Amino acid sequence: MTGGPDFPGAPDPANELASDQSSLDPRDFRNALGTYATGVTIITAADDAGNPHGLTCNSFTSVSLNPPLVLWSLVVYSRNMSVFQNASHFAVNVLGTSQQALAVKFATPSSRKFEGVEWTPGLGGAPLLSGGVANFQCRTVDRYYGGDHVIFLGAVESYSYNRHEALLFARGKYGRFVGE
């Protein structure tokens, strides 16, 4: 498939890099994207048996204020894909500067991510982690395939936040905002 109805003959961006049609070096492209500082989140959901699952994510962003929509993306070969594909709800837990170790723990493949982690079940059983800067409880509205990722669109049904400092990530490192 090429281009789509609006751009006939143009390369399909969803398949361009995967099919070696792009002149971009994937590693260098990732490094360039890494120059953009993001917040750090842990996305959580419960499986069909009610067991908690989660992963560190920096692809979270707002989409719309009215209706309140957010999105995040997950690589298609993630071991957590089936949990998030089947969950009615997910939670976005925005981490604070004191939670770098938690970010690293949830970025590392393990069946013991929730050991020693304080949390409560939110909507749909999605875990709400204690000590963060904010959380967004979302009903999964849709999923879209984009290249090697699935983009999850969520309707925010509940949220909370505080004035603590958010953890940031850029150039492969964690940090904090330095302002005036």
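The structure presented is a predicted model; accordingly, all values stated were derived computationally and were not measured.

Draft legend 1. Examining the side chain of lysine 113 more closely. Residue placement: lysine 113 occurs in the loop between helix 4 (100-107) and strand 7 (119-121). The buried charged residue lysine 113 lacks any salt bridge, with aspartate 47 as its nearest oppositely charged partner at 13 Å. Reaching out from lysine 113, the side chain makes a polar contact with the backbone oxygen of glycine 54 at a distance of 3.1 Å. Not counting residues within four places of it along the chain, the set of residues in contact with lysine 113 comprises Gly54, Leu55, Asn80, Lys105, Phe106 and Thr108.

Draft legend 2. Representation of the pairing of strand 10 (residues 149-161). As judged from the seven bridges shared by strand 5 (residues 69-75) and strand 10, these two strands associate in the antiparallel manner. Opposite leucine 74, over in strand 10, you have valine 150 as the bridge partner. Sheet analysis places strand 9 (residues 134-146) next to strand 10, joined by 12 bridges and oriented antiparallel. For tyrosine 145, the partnering residue across the bridge sits in strand 10 and is valine 150. In textbook terms, the turn of a hairpin is the stretch between consecutive antiparallel strands, and for strand 9 and strand 10 this stretch comprises two residues, one of which, glycine 147, has a positive phi near 65°.

Draft legend 3. Region of interest: the pattern of salt bridges. Applying the stated criterion across every chain, the model contains three salt bridges. For glutamate 165, the salt bridge identified is with arginine 176, shortest N-O distance 3.1 Å. Taken as a pair, glutamate 165 in the loop between strand 10 and strand 11 (168-170) and arginine 176 in the segment after strand 12 (173-175) lie far apart in primary sequence, 11 residues in all.

Draft legend 4. Inspection of the environment of glycine 50 at higher detail. Inspection of the secondary structure assignment puts glycine 50 in the loop between strand 2 (41-46) and strand 3 (52-57). Using a relative accessible area of 45% as the deciding quantity, one classes glycine 50 as partly exposed. A C-alpha to C-alpha distance of 10.0 Å links glycine 50 and proline 127, two positions 77 residues apart in sequence.

Draft legend 5. Molecular detail of the side chain of asparagine 135. Relative to the elements of secondary structure, asparagine 135 occurs in strand 9. Not counting residues within four places of it along the chain, the set of residues in contact with asparagine 135 comprises Val92, Asn93, Leu128, Ser158, Tyr159 and Ser160.

Draft legend 6. Up close: the sheet that holds strand 12. Spatially, the three strands line up as an open sheet ordered 1-11-12, and their pairing is antiparallel. Each edge of the open sheet is held by one strand with a lone partner, namely strand 1 (38-39) and strand 12.

Draft legend 7. Inspection of helix 4 at higher detail. For helix 4, the complete set of buried residues consists of Leu102, Ala103 and Phe106. Looking down the long axis of helix 4, one finds its buried residues gathered within 105° of arc, a one-sided arrangement. In the core, the buried residues of helix 4 are packed alongside strand 2, strand 3, strand 8 (127-129) and strand 12.

Draft legend 8. Up close: the pairing of strand 4 (residues 61-64). Here three bridges tie strand 4 to strand 5, and the two strands are oriented antiparallel to one another. Among the inter-strand pairings, serine 64 is bridged to a residue of strand 5, identified as leucine 69. Hairpin geometry of strand 4 and strand 5 is characterised by an intervening segment of four residues between the two adjacent antiparallel strands.

Draft legend 9. Examining the nonpolar core more closely. Grouped together as the largest cluster of nonpolar side chains are 20 residues, with contacts concentrated most on Ile43, Leu55, Trp72, Leu74, Phe84, Phe90 and Phe152. Sequence-distant contacts of leucine 74, that is, excluding residues within four places in its chain, are made with Leu55, Asn80, Met81, Phe84, Asp148, His149, Val150 and Phe152. Of all hydrophobic cores here, the second largest spans 10 residues; its members include Val40, Leu102, Phe114 and Leu167.

Draft legend 10. Local environment of the packing of aromatic side chains. For the coordinates displayed, the defined rule picks out 10 aromatic pairs. With 5.0 Å between their ring centres and 90° between their planes, phenylalanine 106 and phenylalanine 114 make a pair best called edge-to-face. Exposure class is identical for phenylalanine 106 and phenylalanine 114. Each is buried. With centroids separated by 5.7 Å and ring planes inclined at 65°, the aromatic side chains of phenylalanine 114 and tryptophan 119 adopt a geometry described as edge-to-face. Here the aromatic cluster, defined as three or more aromatic residues joined through ring pairs, consists of Phe60, Phe136, Tyr159 and Tyr161.

Definitions and cut-offs
- Starting from 1, residues in each chain are numbered consecutively following that chain's sequence as written.
- In keeping with the predicted nature of the model, local features appear solely for residues at pLDDT of at least 70, side-chain atom pairs appear and are counted solely at 80 or more, and the whole-chain, interface and lining totals rest on all residues.
- For side-chain calculations, the full set of non-hydrogen atoms in the structure is used, while hydrogens and water are omitted.
- Labels follow the DSSP assignment, with helices taken as runs of H or I lasting at least four residues and strands as runs of E lasting at least two, numbered in each case from the N terminus.
- Relative accessibility under 20% of the residue-type maximum defines a buried residue, over 50% an exposed one, and the middle range a partly exposed one, all with a 1.4 Å probe and only protein chains included.
- In this tally Asp and Glu are treated as negative and Lys and Arg as positive; neither His nor the chain ends contributes.
- Within this document, salt bridges are pairs made up of a side-chain nitrogen of Lys or Arg and a carboxyl oxygen of Asp or Glu, the two lying within 4 Å of each other.
- Within 3.5 Å is the distance limit for a polar contact, defined as a pair of N or O atoms, with the added protein rule that one can donate a hydrogen and the other accept it, and that residues adjacent in sequence qualify only through two side-chain atoms.
- Working rule for contacts: check all heavy atoms of both residues, and any pair within 4.5 Å makes them a contact.
- Two strands qualify as a pair provided that DSSP identifies no fewer than 2 bridges between them.
- The reported arc concerns the directions from the helix axis to the C-beta atoms and nothing else.
- We call a set of buried Ala, Val, Leu, Ile, Met, Phe, Trp, Tyr and Cys residues a nonpolar core when their side-chain atoms join them within 4.5 Å.
- When two rings of Phe, Tyr or Trp (its six-membered ring) have centres within 6.5 Å they constitute a pair, described as stacked for plane angles under 30 degrees, edge-to-face for angles over 60, and tilted for the intermediate range.

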